[in-house]
Amino acid sequence: QVQLAESGGGLVQAGGSLRLSCAASGRTFTGYVMGWFRQAPGKEREFVTAINWRGSTTSYADSVKGRFTISRDNAKNTVYLQMNSLKPEDTAVYYCAAGETMFWARVRGYDYWGQGTQVTVSS
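Summary of the structure given here. The structure displayed is predicted, hence computed values, not measured ones. (Residues numbered from 1 in each chain as written. Predicted model: local features only at pLDDT ≥ 70, side-chain atom pairs only at ≥ 80, totals over all residues. Heavy atoms only, no water.)

1. Some words on the overall build of the chain
Now for step 1: A tally of regular secondary structure across the chain gives 0 helices and 11 strands.
Now for step 2: Listed N to C, the secondary structure of the chain is β-β-β-β-β-β-β-β-β-β-β in terms of helices and strands.
Now for step 3: Taking 14 Å as the expected radius of gyration for a compact globule of 123 residues, we find that the chain reaches 13 Å, a close match to that expectation.
Now for step 4: Based on the C-alpha atoms only, the size of the chain along its principal axes is roughly 40 × 25 × 25 Å.
Now for step 5: Looking at the chain residue by residue over its 123 residues, the buried ones come to 43%.
Now for step 6: Sequence separation of 24 or more characterises 57% of the internal contacts of the chain that already satisfy a separation of 6 or more.
Now for step 7: Where the 13 positive side-chain charges of the chain centre and where its 9 negative ones centre are 3 Å apart. (Helix = DSSP H or I, 4+ residues; strand = E, 2+ residues; numbered from the N terminus. Rg over C-alpha atoms; globule rule 2.2 N^0.38 Å. Buried < 20%, exposed > 50% of the residue type's maximum accessible area, 1.4 Å probe, protein only. Contact = heavy atoms within 4.5 Å. Lys, Arg positive; Asp, Glu negative; His and termini not counted. Charge placed at Lys NZ, Arg CZ, Asp CG, Glu CD.)

2. Some remarks on the packing of aromatic side chains
Now for step 1: Applying the stated rule across the entire model yields 5 aromatic pairs.
Now for step 2: Seen from their ring centres, Phe37 and Tyr110 are 5.2 Å apart, and the 80° between their planes marks the pair as edge-to-face. In this pair, Phe37 is assigned in strand β4 (residues 33-39) and Tyr110 in the loop between β9 (92-99) and β10 (112-113), connecting sequence segments 73 residues apart.
Now for step 3: Take Phe37: its relative accessible area is 0%, and that puts it in the buried class.
Now for step 4: Chaining the aromatic ring pairs together yields one cluster made of Phe37, Phe47, Tyr110 and Trp113.
Now for step 5: The side chain of Arg45 reaches across the aromatic face of Trp113, ending 4.9 Å from its centre.
Now for step 6: The ring of Phe103 has Arg106 sitting right over it, with the charged end atom 4.3 Å from the ring centre. (Phe/Tyr/Trp six-rings, centres within 6.5 Å; stacked < 30°, edge-to-face > 60°. Lys NZ or Arg CZ within 6 Å of the ring centre and 35° of its normal.)

As structure tokens, this is what we get:
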């Protein structure tokens, strides 16, 4: 079992920045693809970004490319999401996920999920 805990959410004005963290505990963190997803009210959970276990390969949704950056520190069992140039449409609950998956953008590809952290971007 892997337990995931997100932090760093909050309220920010459009154009601002936030850095989310996801701390993993339990089973070894290494080896898992780590992903960030988000879910806005009334919408389905959607892929934001993911990173392979080495930290050498990343993938981003088109909507966040050039604004968001994912990274991981395996020594600290932590994955980060740096979010810049935030827009009101980025408002959502952000979830961290871990899995041994080839399908990084699929919710079903991940075995473990955090509880989520709220990000609200005001216009």
